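Structural features, examined
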Amino acid sequence: MKKTLVSALTTALVVGAASTTFAAANPFSDVPADHWAYDAVSQLAADGVIEGYGDTTFRGNQNITRYEMAQMIAKAMAKSDVSAADKALIDKLAAEFSDELNNLGVRVSNLERNADMVKWNGKAEYTYYSHRNKDKNTKTNDDQLLFRLEPSAEVNSHWHVNARLDASTDLAKDSADVNREHGTDSIQDTDVTLKRVWAQGNYDNFQVKLGKFAQIDSDSIFDTSFSGAEVQFGNKVTFTAGAGRQNMDNDSDFTQKFGVGEKTANYQYAGLGYGDGKFVGGVDYHHLNSDTFNYAVDEGAKANTEDNANIWLAKAAYRFDKTNALNGFYANNTSADDFDKAWSAQYSYKGAEAQNKGTWGAWAAYRYLGQNTDLFSTFDVILAGQKGWEVGANYAPFKNIVATLRYGNGKDLATDNDIENLFGRVEVFF
């Protein structure tokens, strides 16, 4: 499949660029941490001109070489719908990294004309987990292989159509686990499943999404997708609002399950965000309504027959330098009687970069994840309904391959039983 520079950049520097001939400038020398280009690129990221840089999803910072910086600048140069202030930043960056851009063969007039209208990216992923209740002496192990494709099609200079298709198989049984027979936590798809599909329009200070896509707070308590619409206004300070329908049945990512009645909720959310390069923060609100939203929990805990979930969330992330970062969030479901709070605090050091062989990272976190608030949890070793410590590390042994290990130790919130969870994953990006 032919890959252009734009298709490589679209994956936010996860997929490597095509081979190039390097001239006098050294494209692999690091840009100093205090270089003005970091703030300039962070501002462009906050303005939505480029992706793949900064702490917008609590992933920590990355070490940026002059070559990688030039790739991001080239992507920014390819955009026409930017403000005058952003255009001035792009021109200043292009002058600073002109040698690297020349090495990449970037010609702005050719970049857009030769861009592929449809681009394909994806990954193959192996995952292993072990969830253990030490007081009950029970254990659930599982491993699966996932194949993901993420196509993106250009409609015009403002609109794109995006999608995600997933398929997985149970390695222990050498089959798809359609009936969830291998481990009570196992959810694996029989066929290729359309997980997301949406149209997105990008304009100055305005963005709109229509279809099935990830909502705000997908990096904490809403790691799922919903069907509906979303609008976003602003650049450095943003306002985001969305509405639609949220799947919450036994085949969804929902932490709790409806006992009877309607299994799809009416859903609305809104949030205010702020980002200045080193600091990113926000305050969000989620509302879900269903006729039988009973907050069911295990172990005989009391249930609330309230039909609504009203969840407030505050989050923040700060990048101290190229290697150290903090992030966290606090959320509360004001409609729930119990297990109504969720929060997390994490310190991150460096981080594996798929495109750079030999890079690595590590982190430590404490999480408290009440299951009536952490409705669609993104966390792997401290699960919804648990609290405890997590430590982890990731490493890129080869270009476009990342291995991740996580360990969690804590308590079950409903029973106070001791829990211990393990998680391992290898991702191969293409």
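Residues numbered from 1 in each chain as written. Predicted model: local features only at pLDDT ≥ 70, side-chain atom pairs only at ≥ 80, totals over all residues. Heavy atoms only, no water.

Points about the overall build of the protein
- In terms of helices and strands, the protein carries six helices and 16 strands.
- Per-residue burial over the protein gives 48% buried out of 430 residues.
- Pairs at least 24 residues apart make up 59% of the contacts formed inside the protein by residues separated by at least 6 positions. (Helix = DSSP H or I, 4+ residues; strand = E, 2+ residues; numbered from the N terminus. Buried < 20%, exposed > 50% of the residue type's maximum accessible area, 1.4 Å probe, protein only. Contact = heavy atoms within 4.5 Å.)

Side note on the packing of helix α3 (residues 66-77) against helix α4 (residues 84-96)
- Orientation of α3 relative to α4, taken along the N-to-C sense of each, is 140 degrees, at an axis distance of 10 Å. By crossing handedness, the relation of α3 to α4 is classed as left-handed. Within the contact between the two elements, α3 uses Arg66, Ile73, Ala76 and Met77 and α4 uses Ile90, Leu93, Ala94 and Glu96. (Axes fitted to C-alpha atoms, helices over the stretch in contact; angles between N-to-C directions. Left-handed = near helix turned anticlockwise from the far one by under 90°.)

What about the pattern of salt bridges?
- Within this structure, the stated rule accounts for 14 salt bridges.
- Residue Arg132 pairs with Glu420 through a salt bridge whose shortest N-O separation is 4.0 Å. Of this pair, Arg132 sits in strand β1 (residues 118-133) while Glu420 sits in strand β16 (residues 418-429), and the two are 288 residues apart along the sequence.
- You can call Arg132 partly exposed: its relative accessible area is 25%.
- Connected via shared salt-bridge partners are Lys123, Glu125, Arg425 and Glu427. (Salt bridge = Lys/Arg side-chain N within 4 Å of Asp/Glu carboxyl O.)

Remarks on the confidence of the model for the protein
- Per-residue confidence for the protein gives a mean pLDDT of 79, with 75% of residues at or over 70.
- Mean pLDDT across the elements of the protein bottoms out in helix α1 (residues 5-10) (37) and peaks in strand β13 (residues 360-369) (97).
- Note that pLDDT drops below 50 for residues 53-61; the model gives that stretch 32 contacts with residues more than four away or on any other chain.
- Confidence over residues 107-115 falls short of pLDDT 50; this stretch has eleven contacts with residues more than four positions distant or in other chains. (pLDDT = per-residue confidence, 0-100.)

Thoughts on the nonpolar core
- If you look at the biggest cluster of nonpolar residues, it comprises 24 residues, and the most contacted ones within it are Ile221, Phe222, Leu288, Phe329 and Leu375.
- Of all the secondary structure elements, the ones that give two or more residues to this core are β8 (264-275), β10 (308-319) and β11 (324-333).
- Of all hydrophobic cores here, the second largest spans 20 residues; its members include Val41, Met69, Ile73 and Ala74. (Core = buried A, V, L, I, M, F, W, Y, C linked by side-chain atoms within 4.5 Å.)

Details of the packing of aromatic side chains
- Here the structure, examined in full by the defined rule, presents 16 aromatic pairs.
- Consider the rings of Phe226 and Tyr269, whose centres lie 5.5 Å apart with planes at 80 degrees: the pair is edge-to-face. Here Phe226 is found in strand β6 (residues 226-234), whereas its partner Tyr269 is found in strand β8, with 43 residues between them in sequence. Both residues of the pair, Phe226 and Tyr269, count as buried.
- One aromatic cluster is present, formed by Phe213, Phe222, Phe226, Tyr267, Tyr269 and Phe376 through successive ring pairs. (Phe/Tyr/Trp six-rings, centres within 6.5 Å; stacked < 30°, edge-to-face > 60°.)

Side note on the packing of helix α2 (residues 36-46) against α4
- The interhelical angle for the contact between α2 and α4, taken along N-to-C directions, is 140 degrees, at an axis separation of 10 Å. In this structure, α2 crosses over α4, and the sense of that crossing is left-handed. Across from Trp36, Ala37, Ala40, Val41, Gln43 and Leu44 in α2, the residues of α4 making contact are Asp86, Leu89, Ile90, Lys92, Leu93 and Glu96.
- Considered class by class, the residues forming the contact of α2 with α4 number eight nonpolar, one polar and three charged. (Nonpolar A, V, L, I, M, F, W, Y, C, P; charged D, E, K, R; others polar.)

Describing α3
- The terminal C-alpha atoms of α3 lie 16 Å apart, and with twelve residues this matches the ideal 16 Å at 1.5 Å per residue to within 8%.
- Burial runs high along α3: twelve of the twelve residues are buried.
- Buried residues of α3: Arg66, Tyr67, Glu68, Met69, Ala70, Gln71, Met72, Ile73, Ala74, Lys75, Ala76 and Met77, and no others. (Expected span 1.5 Å × (residues − 1).)

Details of the pairing of strand β7 (residues 237-247)
- Summarising the sheet, β6 and β7 pair through eight bridges and their orientation is antiparallel. Opposite Ser227, over in β7, you have Arg245 as the bridge partner.
- Linking β6 to β7, which pair antiparallel, is a turn of two residues.
- Sheet topology places β7 next to β8; eleven bridges connect them, and they run antiparallel. Paired with Asn247 across the strands is Thr264, a residue of β8. (Pairing = 2+ DSSP bridges.)

Considerations on the environment of Gln215
- As for its position among the elements, Gln215 is in the loop between β5 (206-213) and β6.
- Between the C-alpha atoms of Gln215 and Ser227, which are twelve residues apart in sequence, the distance is 9.6 Å.
- Look past the residues within four positions of Gln215 in its chain and what remains in contact with it is Phe222, Thr224, Ser225, Phe226, Glu230, Gln246, Tyr267 and Tyr269.
- A polar side-chain atom of Gln215 sits 3.0 Å from a polar atom in the side chain of Gln246. (Polar contact = N/O pair within 3.5 Å; in protein donor to acceptor, adjacent residues only side chain to side chain.)

Concerning the environment of Gly275
- As for its placement among the helices and strands, Gly275 is situated in strand β8.
- Between the C-alpha atoms of Gly275 and Ala46, which are 229 residues apart in sequence, the distance is 6.1 Å.
- Ignoring any residue separated from it by four or fewer positions in sequence, one finds Gly275 in contact with Ala46, Lys236 and Val280.

Let's talk about α2
- For α2, the set of buried residues is Ala37, Tyr38, Ala40, Val41, Ser42, Leu44 and Ala45.
- Buried residues along α2 sit against α3, α4 and β10.
- Two residues or fewer after α2 comes Gly48, characterised by a positive phi angle close to 80 degrees.

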